[in-house]
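Here are the chains, one letter per residue:
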Amino acid sequence: RFRELITGQVINSITMFKTSLEQKEEEIKQNINNLNKSLREIDYTDSTYIELQYQKNRDREIRGFENSLKTCLGDVARNTVEDNEERFSNIQKLLIEPFKDKERWTEKVTDVRNWLDFSVSEKERTNDVGKSYYTDSSGLSGGQKRKLACTILASAIAYQFGLHQTNFSGKSFRFVVIDEAFSKLDDKNARYAMELFATLNLQLLMITPQDKINITEPYISSLHFVHNIEEKDYSSVLPISIDKFQENRTIALNSNSD
């Protein structure tokens, strides 16, 4: 009776463990699919959009671990005492002992994020045909690398905040601080980044030189000018709404033209 209980309990636990890992893998896939709905709304270029893609990782250790899970459970239709004892023996040899003795291997194979390889496809908007495919940034210019990195980073942040979920609440915390993000981007790519952040529902605090304010204007509600007074060695902050800033700028421009 004890033997039946111990084998049965271990087998049930491994079955739940396997199911839990597979569910997490499916959740990652679904989250990527939901993020792609947002990315499709943004023009990567005038004629293309970006799509995140995933494929099964071919790593030997990960594939071996998945095969071990299947081997341990075997044919579920066979449920005799002898079958369960065979399963228990396989579980002990293929899973329990490696889990105890191989810490690096255990961390690697049980982290479901390692089960998938991720890439980016740039697709034509007219027919959804792939134009370019990226597994890394090699072969891209500096501006292209930064634009691609910005897309992936913003998507990752949205994923962490759960902004892709259907039950997303506009009142949720989704605050991101970006320091001089546009210093090495041209105006067109900088506006792409702002549109990306807005589409992914991120709340931004932008730290940027005054000459880049024109890029952020359509996406922000207020400004805080920081001024350093060198002779007194301290800084002051002047808050102003975007509407007031634009009003003052118009007055200043009209005065100069007069």
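In this numbering scheme, every chain counts its residues from 1 along its sequence in written order. In keeping with the predicted nature of the model, local features appear solely for residues at pLDDT of at least 70, side-chain atom pairs appear and are counted solely at 80 or more, and the whole-chain, interface and lining totals rest on all residues. With hydrogens and water set aside, each side-chain value is computed from the structure's full complement of heavy atoms.

**Student:** Explain the confidence of the model for the protein chain here, please?
**Tutor:** The predicted structure's coordinates, where accompanied by low pLDDT, should not be read in detail. Per-residue confidence from the predictor is reported as pLDDT, which spans 0 to 100. Confidence along the protein chain averages 83 in pLDDT terms, with 92% of residues attaining 70 or more. Put simply, DSSP H or I for four residues or longer makes a helix, DSSP E for two residues or longer makes a strand, and each gets a number counted from the N terminus. When the elements of the protein chain are averaged for pLDDT, helix α5 (residues 142–161) gives the smallest value, 79, and helix α4 (residues 103–110) the largest, 94.

**Student:** I'm lost on helix α2 (residues 60–73) in this one. Help?
**Tutor:** Helices are assigned an expected span. That span is 1.5 Å times one less than the residue count. An ideal rise of 1.5 Å per residue puts 20 Å on 14 residues; α2 measures up with 20 Å between its terminal C-alpha atoms. Residues of α2 that are buried include every one of Ile62, Phe65, Glu66, Ser68, Leu69, Cys72 and Leu73, and no others. Along α2, the residues classed as buried sweep out an arc of 155° about the axis, all on the same side. In α2, the exposed positions that point more than 90 degrees away from the buried face belong to Arg60 and Lys70. Polar contact is defined as a pair of N or O atoms within 3.5 Å, subject to the rule that within protein one atom must be able to donate a hydrogen and the other to accept it, and that residues adjacent in sequence are counted only when both atoms are side-chain atoms. Between the side-chain oxygen of the N-cap and the backbone nitrogen of glutamate 61 there are 3.0 Å, and the N-cap of α2 in question is aspartate 59. Two residues or fewer past α2, glycine 74 is found with a positive phi of approximately 60°. To sort residues, take the accessible area from a 1.4 Å probe on protein chains only and compare it with the maximum for the residue type: under 20% means buried, over 50% means exposed, and anything in between is partly exposed. To obtain the arc, one takes the directions from the helix axis to the C-beta atoms.

**Student:** When you look at the pattern of salt bridges in this model, what are you seeing that I'm missing?
**Tutor:** Two side chains of opposite charge can pair, provided their charged atoms sit close to one another. Whenever Lys or Arg places a side-chain nitrogen within 4 Å of a carboxyl oxygen from Asp or Glu, that contact is recorded as a salt bridge. Counted according to the given criterion, the structure contains 14 salt bridges. Residues arginine 104 and glutamate 61 are paired through a salt bridge, measuring 2.8 Å at the closest nitrogen-oxygen approach. Placement of the pair is arginine 104 in helix α4 and glutamate 61 in helix α2, with a sequence separation of 43 residues. With a relative accessible area of 52%, arginine 104 lands in the exposed category. For lysine 108, the salt bridge identified is with glutamate 61, shortest N-O distance 2.8 Å. Of this pair, lysine 108 sits in helix α4 while glutamate 61 sits in helix α2, and the two are 47 residues apart along the sequence. Judged by its relative accessible area of 26%, glutamate 61 is partly exposed.

**Student:** Is there a simple way to think about the layout of surface pockets in this case?
**Tutor:** Space inside and on the surface of the protein is sampled on a 1 Å grid over the protein atoms alone, with a cavity defined as a set of points where a 1.4 Å probe fits but cannot get out and a pocket as an open set with protein on both sides within 12 Å along at least 5 of 7 lines; lining residues have an atom within 4 Å of a point. Grid points are joined across faces, edges and corners, and a volume is the space filled by probe spheres set on the points. The space that makes up the largest pocket amounts to roughly 560 Å³. As for the largest pocket, its lining consists of 22 residues, of which Met206, Ile220, Ser222, Leu223 and His224 are closest to the centre. All residues other than Ala, Val, Leu, Ile, Met, Phe, Trp, Tyr, Cys, Pro, Asp, Glu, Lys and Arg, Gly among them, are scored as polar; the first ten of these are nonpolar and the last four charged. Counted by class, the lining of the largest pocket contains 15 nonpolar, seven polar and no charged residues. As for the second largest pocket, its lining consists of 14 residues, of which Ile32, Leu52, Phe118, Ala156 and Tyr159 are closest to the centre. When contributions to the lining of the second largest pocket are tallied by element, the ones reaching two or more residues are α1 (2–40), β1 (48–56), β2 (116–124) and α5. When residues in the lining of the second largest pocket are grouped by element, the largest group, five residues, is from α5. Each residue belonging to the lining of the second largest pocket can be placed in one class, and the counts come to nine nonpolar, four polar and one charged.

**Student:** How do you make sense of α4 when you look at a structure like this?
**Tutor:** Counting along an α-helix, one turn takes 3.6 residues, and residues three or four places apart therefore face a common direction. Listed in full, the buried residues belonging to α4 are Trp105, Thr106 and Val109. Taken around the axis of α4, the buried residues stretch over an arc of 100°, which confines them to a single face. Exposed residues pointing more than 90 degrees away from the buried face of α4 are listed as Glu103, Arg104 and Glu107. Any pair of residues with heavy atoms lying within 4.5 Å of one another is described as a contacting pair. Buried residues along α4 sit in contact with α2 and α3 (81–101).

**Student:** When you look at a nonpolar patch on the surface in this model, what are you seeing that I'm missing?
**Tutor:** What makes a patch is a set of residues exposed beyond 30% relative accessible area and free of salt bridges, joined within 9 Å when like-charged and within 5 Å when nonpolar (Val, Leu, Ile, Met, Phe, Trp, Tyr). Method for areas: the Shrake-Rupley scheme with a 1.4 Å probe, in which residue coverage is limited to the protein chains shown. A cluster of nonpolar side chains, Phe161, Phe173, Phe175, Val177, Leu205 and Ile207, forms an exposed patch at the surface whose accessible area comes to about 550 Å². At the level of elements, β4 (175–179) and β5 (203–207) are the ones that each hand at least two residues to the nonpolar patch. By the element assignment, isoleucine 207 lies in strand β5.

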